[in-house]
Each structure stands twice: as C-alpha cells, then as structure tokens.
Amino acid sequence: MTSPSSPGAHPRRRVAIAGLGAVGLKIASVLDQGVPGCELVAVSANDRDKARERLAHLSRPIPVVAIEELEALADIVVECAPAALLPAIAEPFLRAGKTVIVLSSGAILSHEGLIEIARQHGGQIVVPTGALLGLDAVTAAAEGVIRSVRMITRKPVRGLVGAPYLIENNITLDDVTEPTRVFSGTPREAAIGFPANLNVAVALSLAGIGPDRTTLEIWADPALTRNTHTIEVDADSASFSMTIENVPSDNPKTGRITALSVISYLRKLDAPLRIGS
C-alpha cells in the first residue's frame, strides 16, 4: 500500500456496513472486488450466522460483529439497517469525528440531534443520491431562492404493502385495479407513515426547502413494475422537472441504484476527476 505521506497519496479508508440486506450485500460485494482507497473491514447484521453465510463468496473473511463494535474498526459506516437503528449506528462514529453514510434518511428527521453531534465533533452525515436524481441541481438551486418543490412517487402495489400509514388509516391495496393516490402531504409526514419507502423524499427535502415546505404525493399503481419518482422544482435560478424509474432490488421497497449510489460516492473520495458537486 502506498504510504499516506507520499505525494498525491490518500489514506486508505476502512469501511463498515451496518445491515446486510439486498443493499448492504451488494455494497459488500463491490468493495470486495475493489474500490480505490476503500477497504471493507466489518459488517453487522441481526442474524450473524446468516450474514457469514451470505459473505462466504467474498475473497477474504470479513468480521461480522455487533453494532457497538463497528466504530473501533472503521472510518466510515454505511447504514443499511432498519431506520430505528440509526442512532445506535451513527452516534459513535459522529462522536469520533467519522463519516456515516445514511440510507434511512427519513430517520434523520426523528433524530436531528445527530446533526448537532456531527457539528460538535467534526463528523459528517452523508445522504447519497440513492434512488433519486437531480439532487446536485436542487442543492445548487438552494444557494439562491427555491419557490417550490413537488415530488410524485408511483410504486408497484407490493412495494407499499405494510406501510404504517396504510395500516393506521385502514387503507387496503388488495383490490386496487388502477392508479390510486394513497398519500398527500409532506416528507416529514411520509417519513413516519412510510419509513421503508420514502427516504428519497426526505433526501430531496433536505437538499432543497426542507421537509415541511416540500410537497409529496404517493400513488399505488398495479401496472408498474418499477418505483417511479418525479420531481418538479421552481427556483429563481431555474425551473426543472425530472423523472426516474428504478428497477427494484431483491427488496421491492428499494431500487438497485441505491447501492450503486453509495459505491459511486466512495469512488469519488479519491478520484482524480470528480463529476458532480
């Protein structure tokens, strides 16, 4: 390994993954194949024996440890776990001045104290682009004045089944035969009612005008096989609209591009040419 003191060299970053579902496993596999400047050093999972089996194809053994053991082993942690575990995963890294890549971005709204911890200790919370597009444009527009941000999400029915909002409001999707709007509100409300589905809406709101001014609609569409997101932004610098259709991963609530977005971020850390802000 090149010495960090050599001209142009960068210190190698130790990466841990918290959660080994479809997204976490994909990230682990790509890191094992090689991402310049990064090394997979540890994984945590609810079922450790099953996690070890799922990692058996990697080129070298990776420790599967408890969440509380990750910080001592890594410089960066990728959170791919249930949203309720975000504080336990993130806080030790942030207090140590390290980086947390958050996929359960909706949970940030329920634990905004993590941002202050990061500020006080020199840590950083990174919300990758994930399943949405255009966040660079939105963050750039936010340097000026954004008048409105609207997002419309359309999902296959099976990608919404079990959402707390649907259960609490006695909304059943069993007999849906045409596109049906099941929610209209804000990302802050959606983060509570659809915790496994609408992290993209929260990421959009944090990039732009916040979770209370951004508007959101969620539709269940039995004709769809892909998660579809459309955003419309009106700002003093530009007005734009964009649509993305994401191919689901093995988890129908999450698109394949989510894991690739994390890998893209990690590759940018030491890239000699970096595209996008």
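Note that the structure is predicted; figures quoted are calculated from it, not measured.

Criteria and cut-off values
Residues numbered from 1 in each chain as written. Predicted model: local features only at pLDDT ≥ 70, side-chain atom pairs only at ≥ 80, totals over all residues. Heavy atoms only, no water. Phe/Tyr/Trp six-rings, centres within 6.5 Å; stacked < 30°, edge-to-face > 60°. Lys NZ or Arg CZ within 6 Å of the ring centre and 35° of its normal. Pairing = 2+ DSSP bridges. Helix = DSSP H or I, 4+ residues; strand = E, 2+ residues; numbered from the N terminus. Contact = heavy atoms within 4.5 Å. Axes fitted to C-alpha atoms, helices over the stretch in contact; angles between N-to-C directions. Buried < 20%, exposed > 50% of the residue type's maximum accessible area, 1.4 Å probe, protein only. Arc of directions from axis to C-beta. Left-handed = near helix turned anticlockwise from the far one by under 90°. Nonpolar A, V, L, I, M, F, W, Y, C, P; charged D, E, K, R; others polar. Salt bridge = Lys/Arg side-chain N within 4 Å of Asp/Glu carboxyl O. Lys, Arg positive; Asp, Glu negative; His and termini not counted. Polar contact = N/O pair within 3.5 Å; in protein donor to acceptor, adjacent residues only side chain to side chain. Right-handed = clockwise from strand over helix to strand, strands pointing away.

Under the counting rule described, the total for this entry stands at 3 aromatic pairs. A cation over an aromatic ring shows up here: Arg-154 above the ring of Trp-219, its NZ or CZ 4.7 Å from the ring centre.

Bringing the sheet that holds strand E5 (residues 99–102) into the picture now. Taking strand neighbours across the sheet as the criterion, the 6 strands line up as E3-E2-E1-E4-E5-E6 in an open arrangement whose pairing is parallel. The open sheet has two free edges, formed respectively by strand E3 (64–65) and strand E6 (124–126), since each of these has just one partner strand. Across 3 bridges, the pairing between E5 and E6 is parallel. Note on E6: the bridge partner recorded for Ile-101 is Val-126. Along the sheet face, helix H9 (residues 257–268) touches strand E2 (38–44), strand E4 (76–79), E5 and E6 and points at about 150° away from the line of E5.

Moving on: helix H4 (residues 113–121). Within H4, the full set of buried residues consists of Leu-114, Ile-117 and Ala-118. All buried residues of H4 lie within an arc of 100° about the axis, which places them on one face of the element. With respect to the buried face of H4, the exposed residues turned more than 90 degrees away are Arg-119 and Gln-120. Tucked into the core, H4 has its buried residues touching helix H3 (86–95) and E6. Downstream of H4 by a residue or two, Gly-122 has a phi angle that is positive, lying close to 80°.

The next subject is the packing of helix H1 (residues 22–33) against H9. With their axes 8 Å apart at the nearest point, H1 and H9 run at an angle of 35° to one another. Considering the relative orientation of H1 and H9, their crossing is right-handed. Residues Val-23, Lys-26, Ile-27, Val-30 and Leu-31 of H1 pack against Thr-258, Ala-259, Leu-260, Val-262, Ile-263, Leu-266 and Arg-267 of H9. Each residue belonging to the contact of H1 with H9 can be placed in one class, and the counts come to 9 nonpolar, 1 polar and 2 charged.

Opposite charge on two side chains permits them to pair, given that their charged atoms come into close proximity. All told, the structure shown has 14 salt bridges when counted by the stated rule. A salt bridge links Arg-60 to Glu-39; its shortest N-O distance comes to 3.3 Å. Highlighted residues: Arg-60 in the loop between helix H2 (48–54) and E3 and Glu-39 in strand E2, separated in sequence by 21 residues. A residue is classified by how much of its surface remains accessible, and Arg-60, at 34% relative accessible area, is partly exposed. In this structure, Arg-181 engages Glu-217 in a salt bridge whose closest nitrogen and oxygen atoms are separated by 3.8 Å. Residue Arg-181 is located in strand E8 (residues 180–185), and its partner Glu-217 is located in strand E9 (residues 215–220); the two are separated by 36 residues in the primary sequence. Residues participating in the shared-partner salt-bridge network are Arg-150, Arg-181, Glu-217 and Glu-232.

Further remarks concern the side chain of Glu-79. Relative to the helices and strands, Glu-79 resides in strand E4. For the buried Glu-79, no salt bridge exists, and the shortest N-O distance to an oppositely charged side chain is 14 Å, to Arg-54. From its side chain, Glu-79 meets the backbone nitrogen of Leu-103 in a polar contact 2.9 Å long. Within the local environment of Glu-79, its side chain forms a polar contact with the side chain of Ser-104, the two groups lying 2.7 Å apart.

As a general feature of sheets, a regular strand has side chains that alternate between the two faces. The element E2 is extensively covered by neighbouring structure, given that 6 of its 7 residues are classed as buried. The pairing of strand E1 (residues 13–18) with E2 spans 6 bridges and is classified as parallel. Counterpart to Ala-16 in the pairing with E2 is Ala-42. In this view, the connection linking E1 to its parallel neighbour E2 by way of H1 has right-handed handedness.

With that out of the way, let us pick up the pairing of strand E11 (residues 239–246). Here E11 shows a clear split, with Phe-240, Met-242, Ile-244 and Asn-246 buried on one side and none of Ser-239, Ser-241, Thr-243 and Glu-245 buried on the other. In terms of strand pairing, strand E10 (residues 227–235) meets E11 through 8 bridges, oriented antiparallel. Residue pairing for E11: Ile-231 is matched across the bridge by Met-242. The antiparallel pairing of E10 with E11 creates a hairpin that spans 3 residues between the two strands.

A separate point is the side chain of Thr-99. With respect to the helices, strands and loops of the structure, Thr-99 is situated in strand E5. Those residues in contact with Thr-99, other than ones at most four positions away along the chain, are Asp-75, Ile-76, Val-77, Phe-93, Gln-124, Val-126 and Tyr-265.

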